[in-house]
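Architecture and fold: a report
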Amino acid sequence: MTRLPLTRYVGALLLAGMAAVGVGCGGGDGRSADSSSTTATTSTLADTIEVAMKDFAYEPDTLTIPAGQNVTLAFTNTGTVEHYFVVGDTIASDNESFEQNLFSGVSIEKNKQTEGHDEEEEEEHAEEEGSHENVFELPPGGSGTMTFTLPPEKAGTYTIACFETTGNKKHYEMGMKGALTVTTTTGN
C-alpha cells in the first residue's frame, strides 16, 4: 500500500532530474563541463540514461547506476571528432586505458546507429580489443546504446574517460572525464 506514494515521489524526482539534464544540454561552448556538472540517476521506474559526448565533455558527467538492475546508456556524439566512453578505476601507465575495467565479466549488449559505418565491423573491432570490453566509441553524429546489469560486487565509484587523442592530447586530459557510481540497496 505504501508503494504508490513512493512511486509518485520517485517519478517526480526522475522528472526533475530529466528537466535538469534538458536544461544542461542547451548551448555552451563545448569545452568543459567542470562548471556545470549534471548528475543522472536511474531508478526502478527508469532504466535509460542519456549521455551526450561533446568536444570535450560528457553530459552528464556524473552517473549513478543501481547494481542488479538492467540499465541502458543511450549515447549521442554531438562533437566534431570520435569519442569513447570507458569506465574503470586507475588509468594505466600507458595512458591508453584503465587498469581494471568496470564491465569485465559483465554481459553488454551494444547497438550503434552511425552513418557510413558497418555495425558488425564496429562490434568485431571491440571484441578484438579484449581488455576494452567496456569501450563504447562513436564517430561524430553517431548514436547508440549499451545495455547491462552490474552485479552488487561492482559497487563503488569509478572514473569515466575518453582515451581518444586530438592534437597529441587525450580527451580526458582536455576535460572529457567524469564519475560513475554503482549503488546497492540495503534491506528489502
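Numbering of residues starts from 1 in every chain and runs along the sequence as written. It should be noted that, the model being predicted, local features are given only for residues of pLDDT at least 70 and side-chain atom pairs only at 80 or more, the latter also being counted only at that level, while totals for whole chains, interfaces and linings use all residues. The side-chain quantities take in all heavy atoms of the structure and omit both hydrogens and water.

The rule for pairing is simple: two strands pair if DSSP sees at least two bridges between them. Strands here are runs of E lasting at least two residues and helices are runs of H or I lasting at least four, both read from the DSSP assignment and numbered beginning at the N terminus. One open sheet accounts for five strands, arranged β3-β2-β5-β9-β7; its pairing is mixed. The sheet terminates laterally at β3 (57-59) and β7 (109-113), the two strands that pair on one side only. Recorded for the sheet is a direction-independent mean angle of 20° between the axes of neighbouring strands. In this sheet, β3 lies alongside strand β2 (residues 48-54) in antiparallel orientation, the contact comprising three bridges. Fitting a line to C-alpha atoms yields each axis, with helices limited to the stretch in contact; the angle taken between N-to-C directions then spans 0 to 180 degrees.

Stacked, tilted and edge-to-face pairs are distinguished by plane angle, under 30 degrees for stacked and over 60 for edge-to-face with tilted covering the rest, among Phe, Tyr and Trp rings (Trp via its six-membered ring) whose centres lie within 6.5 Å. In this structure the tally under the stated criterion is six aromatic pairs. With 5.2 Å between their ring centres and 80° between their planes, phenylalanine 98 and phenylalanine 163 make a pair best called edge-to-face. Separated by 65 residues along the polypeptide, phenylalanine 98 in the loop between β6 (83-88) and β7 and phenylalanine 163 in the loop between β10 (156-161) and β11 (165-166) bring together distant segments of the chain. In terms of burial, phenylalanine 98 and phenylalanine 163 fall into one category: buried. Where phenylalanine 163 meets tyrosine 172, the ring centres are 5.3 Å apart and the plane angle is 65°; that geometry is what we call edge-to-face. Here phenylalanine 163 matches tyrosine 172 in class, with each residue buried. Members of the aromatic cluster, connected to one another through ring pairs, are Tyr58, Phe75, Phe85 and Phe136. Ring-over charges, as used throughout, are those where CZ of Arg or NZ of Lys falls within 6 Å of the ring centre and within 35 degrees of the ring normal. The ring of phenylalanine 136 has lysine 112 lying over it, and the distance from NZ or CZ to the ring centre is 5.0 Å. Buried means the residue's accessible area, taken with a 1.4 Å probe over protein chains only, is under 20% of the maximum for its type, while exposed means over 50%, and partly exposed covers the values in between.

In this structure, asparagine 101 sits in the loop between β6 and β7. Look at asparagine 101 and you get buried, because its relative accessible area is 9%. Considering only alpha carbons, one finds asparagine 101 and glycine 88, 13 residues apart in sequence, at a separation of 4.4 Å.

Let's shift gears to the nonpolar core. In this structure, Leu73, Phe75, Phe85, Phe148 and Leu180 are the most contacted members of the largest nonpolar core, which totals 34 residues. Counting residues per element, the ones that place at least two in this core are β2, β4 (62-66), β5 (70-77), β6, β8 (136-138), β9 (143-149), β10 and β13 (177-183). By residue number, the principal contributor to this core is β6, which donates four residues. For the purposes of this section, nonpolar cores are sets of buried Ala, Val, Leu, Ile, Met, Phe, Trp, Tyr and Cys residues that join through side-chain atoms within 4.5 Å.

Further remarks concern the pattern of salt bridges. Just to be clear on terms, a salt bridge is a Lys or Arg side-chain nitrogen sitting within 4 Å of an Asp or Glu carboxyl oxygen. In the structure shown here, the tally under the stated rule is two salt bridges. Note that glutamate 59 is salt-bridged to lysine 54, the shortest N-O span being 3.2 Å. Per residue, the accessibility class of glutamate 59 equals that of lysine 54, and both read buried. Lysine 170 is the partner of glutamate 96 in a salt bridge, and the nearest nitrogen-oxygen pair spans 2.9 Å.

Bringing the environment of glycine 144 into the picture now. Inspection of the secondary structure assignment puts glycine 144 in strand β9. Judged by its relative accessible area of 2%, glycine 144 falls in the buried class. Separated by 69 residues in sequence, glycine 144 and phenylalanine 75 have C-alpha atoms that sit 5.3 Å apart. It only takes one pair of heavy atoms within 4.5 Å for two residues to be counted as in contact. Beyond its immediate chain neighbours, meaning those up to four positions away, glycine 144 contacts Leu73, Ala74, Phe75, Asn111, Lys112, Gln113, Phe136 and Leu138.

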